[in-house]
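Structural features, examined
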Amino acid sequence: MKSHVHQKEEEKLSWISLSLFGAGCTLGTGFFLGTSLAIHWSGLSVLVLLVLAAAGTYFVFGALAQMTAEDPKEGAFRTYAGEAFGPWAGFGSGWMYWSSEMLIMGSSLTALGLFSQFWFPKFPLWVFVAVYACIGLFIAALGAKGLTQTENVLAVIKLAATVAFIAIAAAACLGWLDVKITPQKITNEWFPHKIKGVWTGFIYAFFAFAGIEVMGLMAAKLKEPKDAVKSGRVMLLTVSTLYVVAIALILLLVPAAKLTPDESPLVKAMSSIGFTVVVHILNGILIIAGFSTMVASIYAITSMLVKLGEDGDAPKMFTKTWGKKNMPLYALGCTAAGLILSTLMALWMPKSLFEYVTTAGSLVLMYTWLLICITYIKKMKPTSWNRIKVWSAMVLILAAVAGTAMEKASRRGLLASIGLVVLIALITYIVNKVRKPRTSPSTEPSKS
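Notes on the structure follow. (Residues numbered from 1 in each chain as written. Predicted model: local features only at pLDDT ≥ 70, side-chain atom pairs only at ≥ 80, totals over all residues. Heavy atoms only, no water.)

Describing the overall build of the protein
Helix and strand counts for the protein come out as 17 helices and zero strands. Within the protein, the fraction of its 448 residues that count as buried is 58%. Considering only intrachain contacts with a sequence separation of at least 6, the fraction spanning at least 24 residues in the protein is 82%. (Helix = DSSP H or I, 4+ residues; strand = E, 2+ residues; numbered from the N terminus. Buried < 20%, exposed > 50% of the residue type's maximum accessible area, 1.4 Å probe, protein only. Contact = heavy atoms within 4.5 Å.)

Below you can see the structure in the form of structure tokens.
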């Protein structure tokens, strides 16, 4: 029986469609909400951090795209890691990615519920969380075609909203609008918390680009796999430009010290100039952004479970499908169970403790990016220039991760992420020792 992941789609993706899909995966709460922390810690220096994070992200995706162009395969970075280092790497990287996304998912669903309570404060939070989780699982079950169509529509909405924000904020800064504040009186600093603050804020700039690994998973479905690099270049250049321009305008309208992690910097900027109607629109965009990235992640980790099952790294039942759409019900059920557990943790655990968990999940995602770079060097034998780019990406990511040790709350998240990686490494070692020797994914018969 054909698996969900290996099911051939009637239509392959064009490079433009993949770019739009990538924008849908990337332009999420990491930017619309998470950049408030980057701005708070870094002040005006956040603009430099965003450029550096964009460069690092581009080099990481470039490495993944080149591997896809050379050898397009389902499972992407996990499959390539297994080919480069052996079955243990495929097992460990797959479960590391799944675990990181599960830890992040609870906070994403809770955030969606809180945004919705902005309009309907009397509705219980768990009702919103349950509704969003069910819709997300349904869209992911439709397969790659249904996902790309949904993501493309949501991407257009998010891009249009960001451009509209830039237009309104620029008009306010130029004095074309009758606003409550005078932009010229806002005096943000380059180093409000000195160099330590800039270093602390670096990781949040990287989090704004989280999602490119999902774009990498979909790159194997391109009509021309060699277009993956071009698709990523267009997407990242567009998104990075919007990020930098939007944040620059926010810094002209809002003191960095007044930004908090519970409020979007875009919403804060519109509130400061008295545009309450736009605040409601932006709240809707926050919901769309969070939901869009969550759905893409659900699809990615469910597909990863199926691939793990096919390669013997997870129970074989995850490969079983149902119906004309070949839905992987068991894999979806496992993802749903993970969603429930992650959400219960978000609702029941003390907020400070759960923040460590989500920080750990986000950092483990950064470790996945590091693994992509290491795999690329091992598998592709790149030219000197490409090697320099990949090593530069690794240095930037490691610098951002190390910056989390500068602040108490993120430091605990860093320790938790290291603990999670050690646990997965231990499980990987045990599994690799007890199971029968087998070949890496590159030498196994292909499945159709």
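Comments concerning a positive patch on the surface
A cluster of like positive charges, contributed by Lys 196, Lys 408, Arg 411 and Arg 412, occupies part of the molecular surface. In terms of residue count, helix H17 (residues 408-434) provides more of the positive patch than any other element does, three residues in total. Following the sequence through the fold, Lys 408 ends up in helix H17. On the basis of relative accessibility, which here comes to 52%, the residue Lys 408 falls in the exposed class. (Patch = residues over 30% accessible without salt bridge, like charges linked within 9 Å, V, L, I, M, F, W, Y side chains within 5 Å. Areas by Shrake-Rupley, 256 points an atom, 1.4 Å probe, with all protein chains shown as cover. Salt bridge = Lys/Arg side-chain N within 4 Å of Asp/Glu carboxyl O. Lys, Arg positive; Asp, Glu negative; His and termini not counted. Charge placed at Lys NZ, Arg CZ, Asp CG, Glu CD.)

Overview of the nonpolar core
Counting 143 residues, the largest nonpolar core has Phe 31, Phe 165, Phe 206, Phe 209, Ile 247 and Trp 369 as the members making the most contacts within it. In terms of residue count, helix H13 (residues 276-310) provides more of this core than any other element does, 19 residues in total. When neighbours within four sequence positions are excluded, Ile 247 is seen to be in contact with Phe 31, Thr 35, Ile 39, Val 46, Leu 47 and Leu 50. (Core = buried A, V, L, I, M, F, W, Y, C linked by side-chain atoms within 4.5 Å.)

Some thoughts on helix H7 (residues 125-141)
For an α-helix, the turn length of 3.6 residues means that residues three or four places apart are oriented alike. In this model, H7 (17 residues) spans 25 Å end to end at C-alpha, consistent with the 24 Å of a helix rising 1.5 Å per residue. A positive backbone phi angle near 95 degrees is found at Gly 143, which sits one or two residues after H7. (Expected span 1.5 Å × (residues − 1).)

Things to note about the packing of aromatic side chains
All chains considered together, the criterion is met by 14 aromatic pairs. The interplanar angle of 15 degrees and the centroid separation of 4.3 Å between the aromatic rings of Phe 31 and Tyr 243 together place this pair among those described as stacked. With Phe 31 in helix H2 (residues 29-32) and Tyr 243 in helix H11 (residues 228-253), the pair connects residues that are 212 residues apart, well separated along the chain. For Tyr 243, a relative accessible area of 0% translates into the label buried. Between Phe 120 and Phe 123 the ring centres are 6.0 Å apart and the planes differ by 70 degrees, which places this aromatic pair in the edge-to-face class. The exposure class assigned to Phe 120 is partly exposed, which follows from its relative accessible area of 44%. Judged by its relative accessible area of 44%, Phe 123 is partly exposed. Grouping aromatic residues by their ring pairs yields a cluster made of Phe 31, Phe 32, Phe 209 and Tyr 243. (Phe/Tyr/Trp six-rings, centres within 6.5 Å; stacked < 30°, edge-to-face > 60°.)

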